[in-house]
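As a plain string of letters, each chain reads:
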Amino acid sequence: MALDTSAHEVHHHTSETVRTATTESRIARYGLIAIALCFIGLFLLLPLAAVFTEAFRNGPGEFVTVLQDPETFSAIRLTLIVAGISVPLNLVFGVAAAWAIAKYEFKGKAFLTTLIDLPFSVSPVISGLVFVLLFGSHSVLGPWLQSHGIQILFAVPGIVLATVFVTFPFVARELIPLMQEQGTADEEAALSLGASGWQTFWYVTLPNIKWGLLYGVLLCNARAMGEFGAVSVVSGHIRGLTNTMPLQVEILYNEYSFVAAFAVATLLALLALVTLVLKSLLELKFSAQIAASRRH
Amino acid sequence: MEVRVQNIRKEFGRFPALNDVSLDIRSGELIALLGPSGSGKTTLLRLIAGLESPTEGTVYFGEEDASKKTVQERNIGFVFQHYALFRHMTVLDNVSFGLKVRPGSRRPPAAEIRARALELLDLVQLSGLEKRYPAQLSGGQRQRVALARAMAVEPNVLLLDEPFGALDAQVRKELRRWLREIHDRTGHTTVFVTHDQDEALELADRVVVMSKGSIEQVGTPDEIYDTPNSPFVFGFIGESNIIPVRVENGQLWIEDRSIGLSAAGEPDGPAQLYFRPHDIELLDGCGGCIAGIVTVSRRVAGTRHVELDIGAANCKVEIELPPEKAATDKSRIAFRPTRWRLFRDVPNENRTPAQV
Amino acid sequence: MTASTARRWQFRQPSVIPGFGLALGVTLSWLFLIVLIPLSGLVWRTSALGWPAFWSLATDERTVNALRISFGTAFAAAAVNVVFGVILAWVLVRYKFPGKRIIDAVVDLPFALPTAVAGIALTAIYAPNGWIGSLLAPLGIKVAFTPLGIVIALVFVGLPFVVRTVQPIMEEIDKEVEEAAATLGATRFQTISRVLLPGLAPAVLTGFALAFARGVGEYGSVIFIAGNLPYVSEIAPLLIVIRLEEFNYPAATAIAAVMLIISFAMLLIINLIQAWSRRRYGYGA
């Protein structure tokens with residue numbers, strides 16, 4: 001493998017005399033790079049390759065046929081609906097939370113920040129379980145819901161609730177450090193020039209945070225479409241009705257329809273790849289606007 | 001230990017940072033590398049340390065060619081601008097580090113390392129703080145820990161990069177005096193980098209003035225201040241006035257007036273007259289003097305600073321007068337430099353020394 | 001003393017920026033509705049069980065084994081990730097090589113790839129007839145359908161937590177500190193092991209904790225590869241799902257409560273260590 005650019009040059013340039021004080025020997029560097037690349041290849045790239053290989057195991061014909069299955073189609077639809085509802089909800093919440101936390105000093109702020117992060121430290125299965133306990137037939141609310149004909153569990157509302165729960169912190173988490181770093185000077189300037197609160201938000205704050213916001217939404221959406229554990233617990237696995245794409249993958253896999261399972265999985269893997277590409281582009285182009293969150 | 005830098009050239013990519021620099025540092029000397037930013041002074045310091053390697057040229061420690069040695073092998077003490085203390089180590093561990101990382105054969109026993117570190121902390125007046133962490137110290141204290149850490153390895157040469165740069169004015173003055181004391185007591189060959197001329201002139205045995213990757217002048221503080229050998233040094237150290245003059249038959253002229261200074265042996269032609277505001281004598285009449293109209297007069301502590309417009313070109317100069325001397329606006333003052341130098345309008349290489 | 005000098009308790013410091021009430025109102029309502037009320041439901045259900053019932057459910061042999069497997073494999077995976085995550089972060093921060101930018105982006109794959117997809121993909125690779133499984137099978141090493149498979153899956157999901165926590169701190173390492181160690185005679189190895197890595201310890205610890213916490217709760221990527229043999233390769237989240245399917249809500253609740261208690265206790269300990277480190281060394285992560 002050839003090392004390129006400056007690291008190489010610097011080393012070459014000094015190798016006859018003294019090695020600079022802050023680099024490792026060439027062997028150590030090649031060794032570490034090799035270890036890192038092997039690890040990435042083995043643990044991350046190989047599984048990704050496996051998804052596509054397995055999906056096309058019996059040729060592209062079967063791949064296409066499998067994807068035309070109406071159940072798969074309804075799973076795609078449900079996934080889009082769920083993400084379409086939960087992401088905007090968490091977007092609004094994230095902006096509000098970041099506004100409250102980043103622009104003001106108040107008692108209990110640190111505690112509030114911790115609470116917002118809470119869903120990250122809860123197992124997805126438990127995230128689903130709490131809604132089963134809340135709305136299940138044996139719960140306090142269960143009988144009342146039943147008598148009014150409101151179906152939450154094993155239906156779209158339950159799936160949305162569980163998804164909102166697990167994706168709860170994403171947008172807020174991206175925005176809080178970013179907005180804290182930007183401070184309040186811009187907003188104060190706008191207000192002093194006579195702008196209203198909404199105008200200030202719309203013309204001053206939002207342009208300042210839009211790339212960070214987009215970044216948060218991207219991550220939130222990836223998780224919303226891919227969530228498995230929480231959704232699995234609340235969905236009831238009703239085919240064609242309450243199966244999202246990840247659940248459809250599981251069902252097909254458990255029925256030994258491997259090609260079909262991997263075919264649906266390729267769609268999700270493509271989603272992941274698109275997410276990664278967009279994420280890298282955002283980081284590349286707007287690193288200053290996004291970097292804040294990385295340091296926290 | 002004596003350090004010799006011989007014909008060093010250093011390029012970063014295409015950018016030349018040092019251009020054929022040679023310098024002899026005497027054993028036990030305290031020497032300052034002084035220059036504006038970008039003059040190459042820090043690069044020179046890092047080359048001596050072995051943190052950079054020269055594109056061309058050699059560094060000798062004593063009679064030994066140190067250029068082939070790594071920074072670890074050179075046994076130098078380096079104090080970084082921002083101290084670079086190890087923040088997860090106590091003050092004592094920081095100071096002992098250089099001894100602890102020695103290979104077993106050269107490593108003193110643990111008790112001795114500890115004793116030596118404590119002794120050094122005593123020397124830098126930090127006794128009792130050995131269990132603190134860097135985060136718990138003031139800027140001045142961190143600076144002293146950094147110095148003790150560098151001295152712990154009994155370095156061949158002690159190198160300090162802007163040692164007082166990150167401190168506030170009051171602490172800086174104190175530490176300056178204190179560093180001189182430490183140096184006189186320990187006798188380490190010491191090189192420090194600074195952009196502050198007061199610091200260099202007050203502290204160093206000899207000052208190396210650098211500009212654009214070259215050494216402009218090396219000398220004692222007195223030599224540097226009193227007999228600067230280039231327009232750059234004249235301008236960079238202390239205050240200076242520059243007046244365009246003309247040489248005619250060994251005499252200096254401003255426009256159509258002889259100013260009473262003779263430059264015997266100088267070829268005829270235009271030149272620049274350099275002198276310091278306080279190196280002048282006032283004259284009553286003016287048969288051969290510089291005369292000017294007062295535009296501004298300020299009292300600064302024990303002297304009066306007077307700005308004058310000279311000649312038809314209204315060339316501005318500033319001179320220092322005793323405070324009792326009145327200098328009302330628009331009044332006329334005649335003076336003559338007592339100590340001055342002439343530089344010709346030619347590239348640096350052909351500068352003409354001529355002075356009284 | 002006048003009223004203005006007496007400092008009264010204030011909920012928030014005055015600010016000219018409008019919208020505090022609205023923003024905090026939305027935040028708190030949403031937080032209560034989505035997170036706090038459902039979670040307190042779990043707490044309430046647990047306390048309704050009563051101590052003896054809770055204790056017997058929590059100490060049920062299958063439950064204890066599931067918890068042991070979950071925490072044990074998560075610990076092992078997080079440890080693996082600390083080693084390789086730090087190497088990976090180092091390589092990404094310090095070296096230049098072709099494809100570096102792509103590698104940097106790929107590190108986030110586990111964040112972006114749905115866990116179920118990762119689960120079936122890893123199973124396909126490590127099954128006895130898979131790409132790697134078929135290489136290991138002759139050596140007598142079984143990965144899929146054993147606890148080792150669980151560790152592999154958890155390494156996959158936990159890797160970015162370590163890399164992304166350590167990487168920014170590594171980028172901020174002051175080069176002067178490394179040079180200082182070198183001028184004092186430290187070899188490169190000594191500089192790294194005695195100066196740089198201890199300085200990174202708080203970040204590494206945080207990364208470990210995040211990867212560990214994620215691993216303990218992980219479900220989707222594990223269930224396919226684990227084999228799910230009770231007492232051997234059955235993880236706690238799966239046991240919760242099984243109990244739910246049996247309509248054994250008390251048992252599901254009890255397991256969930258134990259998991260949450262242990263996880264929160266660990267996060268608390270880590271936070272305390274971080275706070276201590278920050279007080280002492282002036283930095284944390």
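As shown above, the structure is provided for reference.
Now for a look at the structure at hand. (Residues numbered from 1 in each chain as written. Chains lettered and ligands numbered in written order. Predicted model: local features only at pLDDT ≥ 70, side-chain atom pairs only at ≥ 80, totals over all residues. Heavy atoms only, no water.)

### Considerations on the overall build of chain B
Line of reasoning, step 1. Counting its secondary structure elements, chain B contains nine helices and 20 strands.
Line of reasoning, step 2. Counting only C-alpha atoms and orienting by the principal axes, one finds that chain B spans roughly 80 × 45 × 35 Å.
Line of reasoning, step 3. Of all 356 residues assigned to chain B, the portion counted as buried reaches 51%.
Line of reasoning, step 4. In chain B, 45 positive and 49 negative side-chain charges are present, and the distance between their average locations comes to 5 Å. (Helix = DSSP H or I, 4+ residues; strand = E, 2+ residues; numbered from the N terminus. Buried < 20%, exposed > 50% of the residue type's maximum accessible area, 1.4 Å probe, protein only. Lys, Arg positive; Asp, Glu negative; His and termini not counted. Charge placed at Lys NZ, Arg CZ, Asp CG, Glu CD.)

### Quick word on unusual backbone geometry
Line of reasoning, step 1. Its identity is not glycine, yet Tyr256 of chain A carries a phi of approximately 65 degrees, on the positive side.
Line of reasoning, step 2. The residue Tyr256 of chain A is located in the loop between helix H13 (245-254) and helix H14 (258-285) in this model.
Line of reasoning, step 3. The class for Tyr256 of chain A is exposed, based on a relative accessible area of 65%.
Line of reasoning, step 4. The residue Asn228 of chain C is not glycine, and still its phi comes out positive at about 55 degrees.

### Some words on the interface of chain A and chain C
Line of reasoning, step 1. Counting from both sides, the interface comprises 97 residues of chain A and, opposite them, 94 residues of chain C.
Line of reasoning, step 2. Between chain A and chain C, a total of about 8,300 Å² is buried, with carbon and sulfur atoms accounting for 80% of that surface.
Line of reasoning, step 3. A per-residue breakdown of the area chain A buries against chain C is headed by Phe39, Leu44 and Tyr104 of chain A, which together make up 8% of the total.
Line of reasoning, step 4. Seen at the junction of chain A and chain C, the total is two salt bridges.
Line of reasoning, step 5. Glu24 of chain A is the partner of Arg188 of chain C in a salt bridge, and the nearest nitrogen-oxygen pair spans 2.6 Å.
Line of reasoning, step 6. Looking at the side of chain A that touches chain C element by element, the count peaks at 20 residues for helix H2 (residues 26-55) of chain A.
Line of reasoning, step 7. Taken together, the residues of the side of chain A that touches chain C break down into 65 nonpolar, 18 polar and 14 charged. (Contact = heavy atoms within 4.5 Å. Buried area = accessible area lost by both parts, 1.4 Å probe. Salt bridge = Lys/Arg side-chain N within 4 Å of Asp/Glu carboxyl O. Nonpolar A, V, L, I, M, F, W, Y, C, P; charged D, E, K, R; others polar.)

### Digging into the state of the cysteines
Line of reasoning, step 1. All chains considered together, the criterion is met by zero disulfides over all chains.
Line of reasoning, step 2. Here Cys315 of chain B is not disulfide-linked; the sulfur of Cys289 of chain B is the nearest cysteine sulfur, at 15 Å. (Disulfide = S-S within 2.5 Å.)

### Focus: the interface of chain C and chain B
Line of reasoning, step 1. Taken residue by residue, the interface counts 22 residues in chain C and 26 residues in chain B.
Line of reasoning, step 2. A combined buried area of about 2,200 Å² lies between chain C and chain B, and 61% of that area is made up of carbon and sulfur atoms.
Line of reasoning, step 3. Contact with chain B buries surface across chain C, with Glu176, Thr183 and Leu184 of chain C losing the most and accounting together for 31% of the total.
Line of reasoning, step 4. Of the charged contacts in the structure, one is a salt bridge between Arg46 of chain B and Glu179 of chain C, with a shortest N-O distance of 2.6 Å.
Line of reasoning, step 5. Scanning the region where chain C abuts chain B turns up six residue pairs in polar contact (both at pLDDT 80 or more).
Line of reasoning, step 6. Of all the secondary-structure elements, those providing two or more residues to the side of chain C that touches chain B are helix H9 (175-183), helix H10 (188-217) and helix H13 (249-281) of chain C.
Line of reasoning, step 7. Of the residues forming the side of chain C that touches chain B, the biggest block, seven residues, is contributed by H9 of chain C. (Polar contact = N/O pair within 3.5 Å; in protein donor to acceptor, adjacent residues only side chain to side chain.)

### Observations regarding the pattern of salt bridges
Line of reasoning, step 1. Taken as a whole and judged by the stated rule, the model has 38 salt bridges over all chains.
Line of reasoning, step 2. A salt bridge links Arg239 of chain A to Glu255 of chain A, with the shortest nitrogen-to-oxygen separation between them at 2.3 Å. Within this pair, whereas Arg239 of chain A is found in the loop between helix H12 (229-235) and H13, its partner Glu255 of chain A is found in the loop between H13 and H14, the two being separated by 16 residues in sequence.
Line of reasoning, step 3. Overlapping salt bridges, with partners in common, bring together Lys279 and Glu283 of chain A together with Asp104, Asp108 and Arg164 of chain C in one network.

### Re the environment of Pro138 of chain C
Line of reasoning, step 1. As for its position among the elements, Pro138 of chain C is in the loop between helix H7 (133-136) and helix H8 (147-171).
Line of reasoning, step 2. Separated by 88 residues in sequence, Pro138 of chain C and Ala226 of chain C place their C-alpha atoms 20 Å apart.

### Digging into the pairing of strand S14 (residues 269-275) of chain B
Residues and elements named next belong to chain B.
Line of reasoning, step 1. Burial of S14 is extensive: five of the seven residues sit out of reach of the surface.
Line of reasoning, step 2. Here strand S11 (residues 241-248) runs beside S14; their pairing, made up of seven bridges, is antiparallel. Along S14, the bridge assignment pairs Ile242 with Tyr274.
Line of reasoning, step 3. Relative to strand S20 (residues 340-343), S14 runs antiparallel, the two being bridged by four bridges. For Tyr274, the partnering residue across the bridge sits in S20 and is Arg341. (Pairing = 2+ DSSP bridges.)

### Topic: helix H1 (residues 41-49) of chain B
Residue and element names in this part refer to chain B.
Line of reasoning, step 1. Of all the nine residues making up H1, eight are buried; the element is thus mostly covered by neighbouring parts of the structure.
Line of reasoning, step 2. Along H1, the residues that are buried comprise Lys41, Thr43, Leu44, Leu45, Arg46, Leu47, Ile48 and Ala49.
Line of reasoning, step 3. Once H1 ends, the next one or two residues include Gly50, with phi positive near 95 degrees.

### Regarding the side chain of Thr189 of chain B
Residues and elements named next belong to chain B.
Line of reasoning, step 1. When you line up the elements, Thr189 lands in the loop between helix H6 (169-186) and strand S8 (190-194).
Line of reasoning, step 2. One polar contact links the side chain of Thr189 to the main-chain amide nitrogen of Met1, over a distance of 2.9 Å.
Line of reasoning, step 3. Residues within four places of Thr189 in sequence aside, it is in contact with Met1, Ile25, Arg26, Ser27, Gly28, Glu29, Asn156, Val157 and Leu158.

The values are spatial; any link to function lies outside them.
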